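Observations on the three-dimensional arrangement
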Amino acid sequence: MPSREFVGDSAAIGEVRNLMRRVARSKALAVLIYGETGTGKGLVAEKVHEQSTRARKPFIDVNCASIPGDLFDQELFGQEKGTISSAILRNNGLINAANGGTLFLDEIPELTHSAQTKLLGLLDRQKFRRTGSVSDVEVDIRFICATNRILFKEVNDGKFRNDLYFRLQVVSINIPPLRERGDDCLVLTEHFIKKFNTRYGRSIKGWEPAVADIFRNFHWPGNVRELENLLERIFVLEDENQIRVKHIPPRIMREVEGGGTATKDAGFEALSQGKSFLDATNEFQVRLISNAIEGSGGKLAEAAEALGLSRHALRHQMTKLKMR
Ligand SMILES: Nc1ncnc2c1ncn2[C@@H]1O[C@H](COP(=O)(O)OP(=O)(O)OP(=O)(O)O)[C@@H](O)[C@H]1O
Ligand SMILES: [Mg+2]
């Protein structure tokens, strides 16, 4: 299978690309990839493997959320024949299969505490002992772990081992969300149009200029995956040979038109008009609160909830901002 392309011209993605190259060539045995959902963590893990000296060895992809806690040991470390009744044959486990290559552990916070302890031991010693065996097995594996949750918060909540967190944190790659990558949404759109033109035997050429503005202003909670899915949907459902504004789902239009970005830009707008930082910040808060009140049909309690404030805090803030 031809290798997938990692697309993007923004400075932020340039940095990620540099970091990937360095990490790939390094001897680092543990790598952490952080990014919101759909930012390309799986793709980055694959690329790091491809660019490393391990490229000809296996790349094994494991989603920690899909293995039940009690089976984790078995699946990863394998087991000797006959150690439990169901083990008729010796199962070598995924660690063994990945030897010499890369093991990609997606959704790492889903690991149980005992699995976290085992993983830490393995990272430190590069060997492990299979259940029912008396000898250690040596392995040479690079572990790439990924998460879309703030790991430090998981540590604070007691869900993730402190020491494992620090071990993984040493070499980490942070993938920025799509909304922070400038015109990458358009570069990616071009890339996906090419891909879907081939897949669906179509010849869509570009987009109406207004589409570019919508894509630049939408906040893409599902990041690159959301953009890719949106474009595929247009390929399947629409007949025209250009991406048009009328092809964009109402959900996206509502956010882009509904003051979402006006709110976001209010503070910057005020700053660019020469207002002080304090005045610009106040203006931003006024706009944010007004939008929330409008959105709740004037109900303060609902507006407060939407803003994540108590009703008391909202009233206090409104008085301070002279909104009442
Ligand atoms: N920079 C990019 N260039 C090209 N395709 C990309 C890029 N980033 C992501 N994609 C594509 O977007 C989709 C989502 O990427 P991926 O599955 O790697 O995201 P993820 O961060 O692992 O998401 P999740 O957190 O949901 O597991 C994939 O089809 C991937 O090929
Ligand atoms: Mg993924």
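As the structure is a prediction and not an experimental result, all values here were calculated from the model.

**A closer look at the overall build of the protein**
- On a plain count of helices and strands, the protein comes out with 15 helices and 7 strands.
- Along the first, second and third principal axes, the C-alpha atoms of the protein reach 75 × 55 × 40 Å.
- Summarising the internal contacts of the protein: among those between residues at least 6 apart in sequence, 73% fall at separations of at least 24.

**Some details on the environment of Ile193**
- Inspection of the secondary structure puts Ile193 in helix α8 (residues 184-200).
- Separated by 38 residues in sequence, Ile193 and Leu231 have C-alpha atoms that sit 7.4 Å apart.
- Residues within four places of Ile193 in sequence aside, it is in contact with Ile204 and Leu231.

**Quick look at helix α13 (residues 277-295)**
- The first and last C-alpha atoms of α13 sit 27 Å apart over 19 residues, in line with the 27 Å expected at 1.5 Å per residue.
- Where α13 is buried, its residues meet α14 (300-307) and α15 (311-320).
- Immediately beyond the C-terminal end of α13, within one or two residues, lies Gly297, with a positive phi of roughly 65 degrees.

**So, the nonpolar core**
- Counting residues in each nonpolar core, the largest one holds 39 residues, and the members touching the most others are Ile33 and Ile144.
- If you tally residues by element for this core, the top one is helix α1 (residues 11-25), at 5 residues.
- Excluding its chain neighbours within four sequence positions, the residues that come into contact with Ile33 are Lys41, Val44, Ala45, Ile144, Ala146, Ile173 and Ile175.
- In this structure, Leu178, Ile193, Leu230 and Ile234 belong to the second largest nonpolar core, which totals 15 residues.

**Some remarks on the domain arrangement of the protein**
- With domains assigned, the protein is organised as domain 1 (11-174), domain 2 (179-251) and domain 3 (260-320).
- Computed over C-alpha atoms only, the centres of domain 1 and domain 3 are separated by 43 Å.

**What to know about unusual backbone geometry**
- Phi is positive for Gln126, close to 55 degrees, though the residue is something other than glycine.
- Take Gln126: it is sitting in the loop between α5 (113-125) and β4 (127-129).
- Using a count of 14 C-beta atoms within 10 Å as the deciding quantity, one classes Gln126 as partly exposed.
- Phi at Asn223 takes a positive value of approximately 50 degrees, unusual for a residue other than glycine.
- Along the chain, Asn223 turns up in helix α10 (residues 223-237).

**Quick look at the sheet that holds strand β3 (residues 102-106)**
- With parallel pairing, 5 strands are arranged side by side in an open sheet as β2-β3-β6-β1-β7. A single partner strand is all that each edge strand has here, and the edge strands are β2 (59-63) and β7 (172-174). Averaged over all neighbouring strand pairs, the angle between strand axes comes to 15 degrees, with direction disregarded.
- Where helix α7 (residues 162-169) meets the sheet, it contacts β1 (30-34), β6 (142-147) and β7, and its direction lies at approximately 90 degrees from that of β1.

**Overview of the packing of α5 against α7**
- Across the interface, α5 lies against α7 with an axial gap of 10 Å and an inter-helix angle of 45 degrees. Taken as axis vectors, α5 and α7 run oblique relative to one another. Read as a crossing pair, α5 and α7 show a hand that is left-handed. Here α5 contributes Gln116, Leu119, Leu120 and Leu123 to the contact with α7, which in turn contributes Asp163, Leu164 and Arg167.

**A few points about the site of ligand 1**
- Taken together, 17 residues form the shell around ligand 1, and within it Val7, Gly40, Lys41, Gly42 and Val224 come nearest.
- Contributing elements (two or more residues each) for the shell around ligand 1: α2 (41-50) and α10.
- Across the shell around ligand 1, the residue classes tally to 4 nonpolar, 8 polar and 5 charged.
- Counting contributing residues per domain, the shell around ligand 1 is built from domain 1 (11-174) and domain 2 (179-251), each supplying no fewer than three.

About the criteria used
- Residues numbered from 1 in each chain as written.
- Chains lettered and ligands numbered in written order.
- Predicted model: local features only at pLDDT ≥ 70, side-chain atom pairs only at ≥ 80, totals over all residues.
- Helix = DSSP H or I, 4+ residues; strand = E, 2+ residues; numbered from the N terminus.
- Contact = placed C-beta atoms within 7 Å.
- Expected span 1.5 Å × (residues − 1).
- Core = buried A, V, L, I, M, F, W, Y, C linked by C-beta atoms within 7 Å.
- Buried ≥ 20, exposed ≤ 12 C-beta atoms within 10 Å, placed from the backbone.
- Domains from an automatic or database assignment.
- Pairing = 2+ DSSP bridges.
- Axes fitted to C-alpha atoms, helices over the stretch in contact; angles between N-to-C directions.
- Parallel < 35°, antiparallel > 145°, perpendicular 65-115°, else oblique.
- Left-handed = near helix turned anticlockwise from the far one by under 90°.
- Near = placed C-beta within 6 Å.
- Nonpolar A, V, L, I, M, F, W, Y, C, P; charged D, E, K, R; others polar.

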